[in-house]
Amino acid sequence: MKYTARIIWEKSKDEKFTDHRYSRKHRWSFDGGLDIKASSSPGVVPVPMSDESAVDPEEAFVAAISSCHMLFFLSIAAGKSYVVESYEDQAEGIMGKNERGERAMTNITLRPRVVFSDVFNAPDAEQISELHSLAHRRCFLANSVQSKINISL
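Keep in mind it's a predicted model, so treat the numbers as computed, not measured. (Residues numbered from 1 in each chain as written. Predicted model: local features only at pLDDT ≥ 70, side-chain atom pairs only at ≥ 80, totals over all residues. Heavy atoms only, no water.)

**Re the environment of aspartate 19**
Part 1: Note that aspartate 19 resides in the loop between strand S1 (6–8) and strand S2 (26–29).
Part 2: Taking relative accessible area as the criterion, aspartate 19 reaches 38% and is therefore assigned partly exposed.
Part 3: Of the polar contacts made by the side chain of aspartate 19, one reaches the backbone nitrogen of arginine 21; its length is 2.9 Å. (Helix = DSSP H or I, 4+ residues; strand = E, 2+ residues; numbered from the N terminus. Buried < 20%, exposed > 50% of the residue type's maximum accessible area, 1.4 Å probe, protein only. Polar contact = N/O pair within 3.5 Å; in protein donor to acceptor, adjacent residues only side chain to side chain.)

Right, dumping it as C-alpha cells:
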C-alpha cells in the first residue's frame, strides 16, 4: 500500500528568505480532501515565523503513534467481544539526543484511558495490559520507529 500527503509552502513576497526570517506556516493536504494548517514547532523556530495554532511535525508524529495504537487496541478488543465506550490518550513525546548525538524523538509515552461498557464482560487489569501489548506489537508505526514507546496504564 502507498500513502501520500501533499505539503504546500510558499514564500511571502516581502520575505527575504536567505536571512532565515521566513514563515514556516504551510498546509498538509490529504487525499480525502482534508487540509490542515501546519508549521514548525514554536519550540524550534520562534513565533512569528512559526504558528502556535498549527500542527507541527513533532505533535503529528506523537498523535500518529497514539492513533495507530488506539486503532489496533479497538480492533483487538472488539475481536475479544469487549465493548469499548471511549478511549482517550494524553500522549507525550520527548525530544532528546539519540545514540549518535542527533536530535530525535527519543521517548513517547501513551496514557490511554479506556472505558468499557459491560461490567460483566469487561477485561481485568491483566487483560487490558495484554490488549495494549498486542496493539503495540501490531501498530505499523510503532514497528517503524526507533523511539522508545511506553504505555502508561
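On we go from here.
**Topic: the sheet that holds S2**
Part 1: Read across the open sheet, the three strands follow the order S1-S2-S3; overall the sheet is antiparallel. Among the strands making up the open sheet, the edge pair consists of S1 and strand S3 (35–38). Neighbour to neighbour, the strand axes of the sheet diverge by 25 degrees on average, direction disregarded.
Part 2: Both S1 and S2 contribute to a ladder of three bridges, which runs antiparallel. If you follow isoleucine 7 over to S2, its bridge partner there is tryptophan 28. (Pairing = 2+ DSSP bridges. Axes fitted to C-alpha atoms, helices over the stretch in contact; angles between N-to-C directions.)

**Here's the deal with the pattern of salt bridges**
Part 1: If you walk through the whole model with that rule in mind, you get six salt bridges.
Part 2: Notably, a salt bridge pairs glutamate 99 with arginine 100, separated by 3.6 Å at the nearest N-O pair. The exposure classification of glutamate 99 matches that of arginine 100, with both residues exposed.
Part 3: A salt bridge links arginine 137 to glutamate 130, with the nearest nitrogen and oxygen atoms 4.0 Å apart.
Part 4: Under the relative-accessibility criterion, arginine 137 is labelled partly exposed at 48%.
Part 5: Given a relative accessible area of 40%, glutamate 130 falls into the partly exposed group.
Part 6: Residues joined by salt bridges that share partners form a network here, namely Glu99, Arg100 and Glu102. (Salt bridge = Lys/Arg side-chain N within 4 Å of Asp/Glu carboxyl O.)

**Description of the layout of surface pockets**
Part 1: In this structure, the largest pocket occupies an estimated 410 Å³ of space.
Part 2: Every residue lining the largest pocket is listed: Lys2, Tyr3, Thr4, Ala5, Trp28, Phe30, Asp31, Ala60, Ala64, Cys68, Phe140 and Leu141.
Part 3: Residues belonging to the lining of the largest pocket are distributed by class as follows: nine nonpolar, one polar and two charged. (1 Å grid on protein atoms, 1.4 Å probe; cavity = no way out; pocket = protein on both sides within 12 Å on 5 of 7 lines; lining within 4 Å. Points joined across faces, edges and corners; volume = space filled by probe spheres on them. Nonpolar A, V, L, I, M, F, W, Y, C, P; charged D, E, K, R; others polar.)

**Some details on the environment of serine 29**
Part 1: The topology assignment puts serine 29 in strand S2.
Part 2: Leave out the neighbours within four places in its chain, and serine 29 touches Ala5, Arg6, Ile8, Leu34 and Asp35.
Part 3: One polar contact links serine 29 to aspartate 35, side chain to side chain, over a distance of 2.9 Å. (Contact = heavy atoms within 4.5 Å.)

**Details of the sheet that holds strand S5 (residues 92–97)**
Part 1: Reading across from one edge, S5-S6-S8 is the order of the three strands in this open sheet, with mixed pairing throughout. Both edges of this open sheet fall to S5 and strand S8 (148–151), since each of them pairs with a single strand only. With direction set aside, neighbouring strand axes in the sheet form an average angle of 20 degrees.
Part 2: Contacts from helix H1 (residues 57–79) reach S5, strand S6 (103–110) and S8 within the one sheet, and its direction differs from that of S6 by about 40 degrees.

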